[in-house]
Amino acid sequence: MTKRFSVLNTLLIVSLVAFLTCVLTIVLAARAEARFRDQASQAFDVMQVLDGIIVNALNAETGQRGYFLTGDEDYLDPYRVGMRDVVGHIDTFREMAGDEITPAQAEKLARLDTATRVKVGELQSSMQLFQDGKISAALDLVRTDAGKAAMDEIRETAGLLIAEEQALLTAGRNEAQRARVLVLLCVTLLVFVSMFGFVLALRNLGRAQKLGLVEEQARQLGEERERTDLLAREL
């Protein structure tokens with residue numbers, strides 16, 4: 001009886017621990033999922049901004065080159081839009097990073113800002129020379145490749161920042177995945193413990209029924225013995 005009681009107590013304690021562990025794991029997994037969703041949303045916005053820096057710089061450059069080659073003022077629209085938005089996107093990225101920006105990101109942001117301003121300065125200077133009728137001087141400025149070097153720096157640095165955001169996103173996804181696996185393991189353990197307890201309860205119920213039957217048979221035997229003893233005394 002003591003052994004059975006000890007096994008039941010142990011099973012009850014294990015079930016309680018498994019249940020509490022499962023609840024705690026589910027809470028932690030929910031938090032990890034929430035963090036991942038927030039991180040994914042922020043990473044998507046950041047990567048859009050960084051991609052916008054590259055796109056707007058290219059649009060401005062393409063508009064400038066098209067205007068130089070054809071003289072068509074329709075090319076000035078993408079030029080103006082690109083020039084307006086490229087620096088604005090850098091300011092937006094700086095605001096989004098805020099105080100959480102790492103030293104490595106701050107260094108890349110400074111490089112990106114410098115390269116962008118060099119590119120913007122090259123585009124503005126060459127455009128001004130071209131519109132002033134100094135076409136040869138404008139083309140000479142373009143041929144210095146200072147603008148190309150700045151554009152290459154913009155692509156490379158923005159690409160590095162995008163890669164960092166993707167790495168953070170992957171780490172968050174892996175954390176959420178590990179949390180989901182832990183939840184699955186805890187639920188499996190809880191189900192196993194519950195099934196084991198159910199089987200043990202059925203076994204104990206069967207034993208109790210057999211014990212009740214034995215006790216009933218013993219009672220009947222006792223009554224028969226009493227009647228036999230009474231008859232013997234009468235005889």
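Presented here is a report on the structure given in the accompanying data block. (Residues numbered from 1 in each chain as written. Predicted model: local features only at pLDDT ≥ 70, side-chain atom pairs only at ≥ 80, totals over all residues. Heavy atoms only, no water.)

**Quick notes on the nonpolar core**
Core analysis: the biggest nonpolar cluster contains 35 residues, and Leu50, Ile53, Phe68, Phe93, Leu112 and Ile154 have the highest contact counts within it. Every element with two or more residues in this core is listed here: α1 (2-70), α2 (76-97), α3 (103-131), α4 (135-143) and α5 (146-234). Of the residues forming this core, the biggest block, 12 residues, is contributed by α1. Non-local contacts of Leu50, meaning those with residues more than four positions away in its chain, are made with Phe93, Leu112, Ala158, Leu161 and Ile162. (Core = buried A, V, L, I, M, F, W, Y, C linked by side-chain atoms within 4.5 Å. Buried < 20%, exposed > 50% of the residue type's maximum accessible area, 1.4 Å probe, protein only. Helix = DSSP H or I, 4+ residues; strand = E, 2+ residues; numbered from the N terminus. Contact = heavy atoms within 4.5 Å.)

**A few points about the side chain of Lys119**
Mapped onto the elements, Lys119 comes out in helix α3. In this structure the side chain of Lys119 is engaged in a polar contact, spanning 2.5 Å, whose partner is the side chain of Glu61. Dropping the residues within four chain positions of it, Lys119 is found in contact with Glu61, Arg65, Gly147, Lys148, Ala150, Met151 and Ile154. (Polar contact = N/O pair within 3.5 Å; in protein donor to acceptor, adjacent residues only side chain to side chain.)

**Description of the packing of α3 against α4**
Running from N to C, α3 and α4 cross one another at 160 degrees; their axes reach a closest spacing of 7 Å. With respect to each other, α3 and α4 are oriented roughly antiparallel. For the crossing formed where α3 meets α4, the hand is left-handed. Residues Glu122, Ser125, Ser126, Leu129 and Phe130 of α3 form the contact with α4, whose own contacting residues are Ile135, Ala137, Ala138, Leu141 and Val142. (Axes fitted to C-alpha atoms, helices over the stretch in contact; angles between N-to-C directions. Parallel < 35°, antiparallel > 145°, perpendicular 65-115°, else oblique. Left-handed = near helix turned anticlockwise from the far one by under 90°.)

**Re the environment of Ser125**
Residue position: Ser125 is located in helix α3. As for Ser125 and Val142, which are separated by 17 residues in sequence, their C-alpha atoms are 9.6 Å apart. A polar contact is formed between the side chain of Ser125 and the backbone oxygen of Gly121, at a distance of 2.9 Å.

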